[in-house]
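# Overview (structure and organization)
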Amino acid sequence: MTYWLSHAWLGTHVEPGVALDVSDGLIAGVRTGVAAPPPGATVLRGLTLPGLANTHSHAFHRALRSTVQVGSGTFWTWRETMYQVASRLTPDSYYDLARAVYAEMALAGITAVGEFHYLHHAPGGTPYDNPNAMGEALIAAAGEAGIRITLLDTAYLSAGFGKRPTQYQQPDRHQLRFSDTTADAWAERASLLKGGDHALIGAAVHSVRAVPAAQLATVAAWAEERQAPLHVHLSEQTAENDACLAAHGRTPTRLLADHGVLGPRTTGIHNTHLTAEDIALLGSSATGTCMCPTTERDLADGIGPAVALQRAGSPLSLGSDSHAVIDLFEEARAMELNERLRTRARGHWTAAALLRAATVDGHAALGRPEAGVIEPGAPADLATVALDSVRTAGPVPRLAAEAVVFAASAADVRHTVVAGRHIVRDGRHAHVEDVPAALASAIAALHR
Ligand SMILES: [Zn+2]
């Protein structure tokens, strides 16, 4: 089949009039200088980007939107509310919620999500009959919503550091659902997960708080054996750094480095409060950095040193994390605009560089280095943004990428194509009939 793109983002520039031949879910050919749609071609009018990668998600946090905007609080009080919602989820209700959330992502031009999944067991910590019932619900939900998923099955074993480096606190009553007790038991369960056409399986260390140092190598080895992505929440909060220094006499980054967790398949999520040595360790090991600016500002985390990390060698990706909003354009420009406020200087990243984080480097962090480009051989994953909405109308087409990155919203996404299949057409989801209604009913069920 053939798609005709009125304008295509080819990584460095906007190309008008591009025909894409698609076969077996891959881009088979890219023809430029095609002024009008060839007969039978499906027309994608607007700026067509490679499909966006949402590198860091906790699908169930979507149920907290607005609930956590009442009053003030901190990251830690926010976490209490998050635990309340988590305590009500079952495999069925999580499937319903995740399907709607992933459909919202499809509507926002997201074609792949990294789901950082730690809600493994029934309340109290009892495994379900199928010990991967929750993870499999997420994989099925992504399939129904038409997007790709990398399920980053997360080891979450303890509540925090103890008094000595070998001591860790037992999970509290909310965290019992997250825990497999030991990294070996985590590995055994995670090994039973199966990927598929739309799903890859990766690993995650929840944080240095949640996996005892002596067990970090077990998780790293599991990922190494499978050449799978390995993600970890890193230094989002200064309290985590302080507790790690008190228990181990080293920063979280140093602790991860000493236990073999860093490397080019690893992505640190947030990487907010780092020392110069941390930045050098992450950069020299080519460990990635996933910035989640809308969550980081929502939770008053601070602004991470993304410029310095990238300069040191850490590739950047973007995630909507807690889903305060699901809008990768907002994440991308927030990274640049935060840096402008901090430095009182403009132009740390070009629109092209921000799109790179939202596409090719994001997909690579999810274990798909071949994705995120409009080139022969790449997956036919596309997101088309209207250039005639109230937000994007005006600029010359040559500046369409700047218009999209700095002014568009997720509501301007007109088409989403995944593996050559037209998932969102003219702003409507092809299989999930009424996405707002699906979100409302799945969330209402959890707040009842
Ligand atoms: Zn997170």
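Only a predicted model underlies this, so the values are computations on that prediction, with no experimental measurement involved.

With that settled, the discussion passes to the coordination of the zinc ion. Looking at the metal site, the zinc ion is ligated by His-56 (NE2), His-58 (NE2), His-233 (NE2) and Asp-321 (OD), spaced 2.1 to 2.7 Å from it. One way to put it: the four donor atoms around the zinc ion meet at angles of 86 to 173°, and that makes the site irregular. When the donors of the zinc ion are listed by position in the chain, the intervening gaps give H-x1-H-x174-H-x87-D. Just as His-56 is buried, His-58 falls in that class too.

Turning our eyes to something else, we now look at the domain arrangement of the protein. The figure often quoted for interface size is the accessible area lost as the parts come together. Looking at the protein, the domain boundaries give domain 1 (2-50 + 373-435) and domain 2 (52-365). A C-alpha centroid distance of 29 Å is found between domain 1 and domain 2. Opposite the 33 residues of domain 1 that make contact, domain 2 presents 28 residues. Each partner contributes to the roughly 2,300 Å² buried at the junction of domain 1 and domain 2, and carbon and sulfur atoms together form 69% of this total. Our count for the contact surface shared by domain 1 and domain 2 stands at one salt bridge. In this structure, Arg-148 and Asp-381 form a salt bridge, with 2.7 Å as the shortest nitrogen-oxygen distance.

The next thing to look at is helix α2 (residues 91-107). Over its 17 residues, α2 extends 24 Å from the first C-alpha to the last, a length consistent with the 24 Å expected when each residue adds 1.5 Å. Those residues of α2 that sit buried are Pro-91, Ser-93, Tyr-94, Leu-97, Ala-98, Ala-100, Val-101, Tyr-102, Ala-103, Glu-104, Met-105 and Ala-106.

Further remarks concern the sheet that holds strand β12 (residues 266-270). To summarise the sheet geometry, strands pair through backbone hydrogen bonds and adopt either a parallel or an antiparallel arrangement. Taking strand neighbours across the sheet as the criterion, the eight strands line up as β5-β6-β7-β10-β11-β12-β13-β14 in an open arrangement whose pairing is parallel. Edge strands, defined here as strands with exactly one partner in the open sheet, are β5 (52-57) and β14 (316-318). Strand-to-strand twist across the sheet, computed as the mean angle between neighbouring axes with direction ignored, equals 25°.

Our focus in this paragraph is the environment of Gly-420. Residue placement: Gly-420 occurs in the loop between β16 (413-418) and β17 (421-425). Separated by 124 residues in sequence, Gly-420 and Glu-296 have C-alpha atoms that sit 34 Å apart. For Gly-420, the contacting residues outside a window of four places in its chain are Met-1, Tyr-3, Val-22, Gly-25 and Ala-380.

What counts and what doesn't
- All chains use their own residue numbering, which begins from 1 and follows the written sequence.
- At least 70 in pLDDT is required for a residue's local features to be given in this predicted model, at least 80 for side-chain atom pairs to be given and counted, and no such filter applies to totals for whole chains, interfaces and linings, which use all residues.
- To obtain the side-chain values, all non-hydrogen atoms of the structure were used and water was disregarded.
- Each metal site lists N, O and S donors within 2.8 Å (3.2 Å for Na, K and Ca). With water left out of the atoms, a site can look as if it is missing ligands.
- Angle rules define the geometry names used: all angles between 85 and 135 degrees makes four donors tetrahedral, while opposite donors over 155 degrees apart and all other angles between 65 and 115 make four donors square planar and six octahedral, leaving every other case irregular.
- Exposure is judged per residue with a 1.4 Å probe applied to protein chains only, and the accessible area is read against the type maximum: over 50% gives exposed, under 20% gives buried, and values in between give partly exposed.
- Each domain's extent was defined by an automatic or database domain assignment.
- It only takes one pair of heavy atoms within 4.5 Å for two residues to be counted as in contact.
- Summed over both partners, buried area is the accessible surface (1.4 Å probe) that two parts give up on being assembled.
- Think of a salt bridge as a Lys or Arg side-chain nitrogen and an Asp or Glu carboxyl oxygen that are within 4 Å of each other.
- Helix and strand assignments follow DSSP, with helices taken as H or I runs no shorter than four residues and strands as E runs no shorter than two, numbered in order from the N terminus.
- Helix span, expected: 1.5 Å multiplied by one less than the number of residues in the helix.
- DSSP calls a pair of strands paired once it identifies at least 2 bridges connecting them.
- Angles run from 0 to 180 degrees between N-to-C directions of axes, and those axes are lines fitted to C-alpha atoms, restricted for helices to the stretch in contact.

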